[in-house]
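Okay, here's what each chain looks like letter by letter:
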Amino acid sequence: MSASLVFLRRVALLGAIAALPVVASAQDVLVRNATVHTATARGTLNASDVLVQGGVIRAIGPALAAPAGVEVIDAGGRPLTPALFGGITDIGVEEVSGEASTVDSAVKLEEQPQRPEFDVTLAYNPDSVLIPVARVEGIGFTALGANSGGGFIAGQGGVMRLDGSADPLGPRMLFVRMGAAGSELSGSSRAAQWMLLDQMVAEARGRIAADSPHALLTPAGRATLARYLAGNGRIVVRVDRAADIRQLLRWAKREQVRIAIAGGTEAWRLAPQLAEAAVPVFVDALSNLPASFDQIGATLENAARLHAAGVPVAFSQDGDASHNARKIRQLAGNAVANGLPWEAALAGLTRVPAQALGVADRIGSIAVGQQADLVLWEGDPLDVGHYAERMWLGGRAMPMRSRQTELRDRYLHGTSTLPAYRR
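Rules behind the numbers
- Residues numbered from 1 in each chain as written.
- Predicted model: local features only at pLDDT ≥ 70, side-chain atom pairs only at ≥ 80, totals over all residues.
- Heavy atoms only, no water.
- Phe/Tyr/Trp six-rings, centres within 6.5 Å; stacked < 30°, edge-to-face > 60°.
- Helix = DSSP H or I, 4+ residues; strand = E, 2+ residues; numbered from the N terminus.
- Buried < 20%, exposed > 50% of the residue type's maximum accessible area, 1.4 Å probe, protein only.
- Pairing = 2+ DSSP bridges.
- Axes fitted to C-alpha atoms, helices over the stretch in contact; angles between N-to-C directions.

- Looking at an unreviewed UniProt entry, one finds the chain named Amidohydrolase and attributed to Stenotrophomonas nitritireducens.

Below is the structure:
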């Protein structure tokens, strides 16, 4: 048997192990004596308890009585936070970025490339090997984003909880790329993006006949875009340059649509306007160099300046965000090192993205009635020198193992077999 075939079989074995389903039931748990970072107006509660029953947070406070049959876990003062947001990623629709057959995040059609009706959540794989890798780092949910293929209107995505669920949580969102990020998809001019977008809005609003030979949208595309124009869902726009953000704010006000910004490298230059419009910004807090002409104004203080102006700040990373979702904590910690208050940084990984994406009534904070998506940390969750000890999603204890930890243990300690990490 050739060495390459042996390697492929080993890869297949690891994939099969990774695909084993999460088998766990909701636990009744009392986490006692924790430093509870609620990510709410209550802030941080020292020496506090959190009672979970039926997968829901039932009580929060000091010295709670433990009901019969409830497991009691002494946190010893360690931090307890909501499960973290992994950013806008392809987790679950991408396995190997260099292998096209494993990437389902973009649609590429030569005719009528603008397809807002494209819904990437339909390709989501809850058994993806990327999920436990992210979950070990305390990440409990992500925004599954549609990427540009044939058009700068990329399509729809949704919030996915990394608990084995197959369906998105909450409303869909529409993803659009503006500025240089979408220039090659719109006639190589950012001015053309507004021309095309205005025509699509006119089609969706019925000002251009559906059978027009110059129509850009399919009937399904017009219906989808019309829903967002009516305020049913948020439009997430990938944009960096301040000039483009200014035009985006004008367009959103004129069309009365709900937007969020992803990237926003130069968003700090328009912080007062973004705050007035209540536009959340998903910031990459490691962006400090002009990687493109749209990012000349990059600064490590972007998140701090936006927050100081009253802009809702969340975090998402550029580049390989799916395979390196763990770096999201580094982004938040880096923002703290450059002026963002610690509590605001935690909110940017929990409550703020949940609010921006329409799921804050269920996840993103530690409050009575919320789903019990919790992480108990060994130390400061925004310091990558510390780690997640235990995690519950909907009250179910998640296995703190992944393909990577299994490989580590196998080759570091010489174990001869790979035990299934999702028993």
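**What to know about the packing of aromatic side chains**
Thought 1: Inspection of the entire model under this criterion finds two aromatic pairs.
Thought 2: Between the aromatic rings of Phe-85 and Phe-141, the centroid separation amounts to 5.2 Å while the plane-to-plane angle is 45°, which identifies the pairing as tilted. In this pair, Phe-85 is assigned in strand β6 (residues 84–89) and Phe-141 in strand β7 (residues 139–144), connecting sequence segments 56 residues apart.
Thought 3: The class for Phe-85 is buried, based on a relative accessible area of 0%.
Thought 4: When its relative accessible area of 2% is taken as the criterion, Phe-141 is described as buried.
Thought 5: Ring geometry for Phe-85 against Phe-282: centres 5.9 Å apart, planes inclined by 55°, an arrangement best described as tilted. With Phe-85 in strand β6 and Phe-282 in strand β12 (residues 281–283), this pair connects stretches of sequence that are 197 residues apart. Both residues of the pair, Phe-85 and Phe-282, belong to the buried class.
Thought 6: The rings of Phe-85, Phe-141 and Phe-282 are connected pair by pair, giving a single aromatic cluster.

**Overview of the sheet that holds strand β8 (residues 153–161)**
Thought 1: Read from one edge to the other, the open sheet built from eight strands follows the order β6-β7-β8-β9-β10-β11-β12-β13, with strand pairing classed as mixed. In this open sheet, the two edge strands, each paired with only one partner strand, are β6 and β13 (313–315). Averaged over neighbouring strand pairs, the angle between their axes works out to 30° when direction is ignored.
Thought 2: Pairing of strand β9 (residues 169–177) with strand β10 (residues 234–239) involves five bridges; the strand directions are parallel. Opposite Arg-177, over in β10, you have Arg-238 as the bridge partner.

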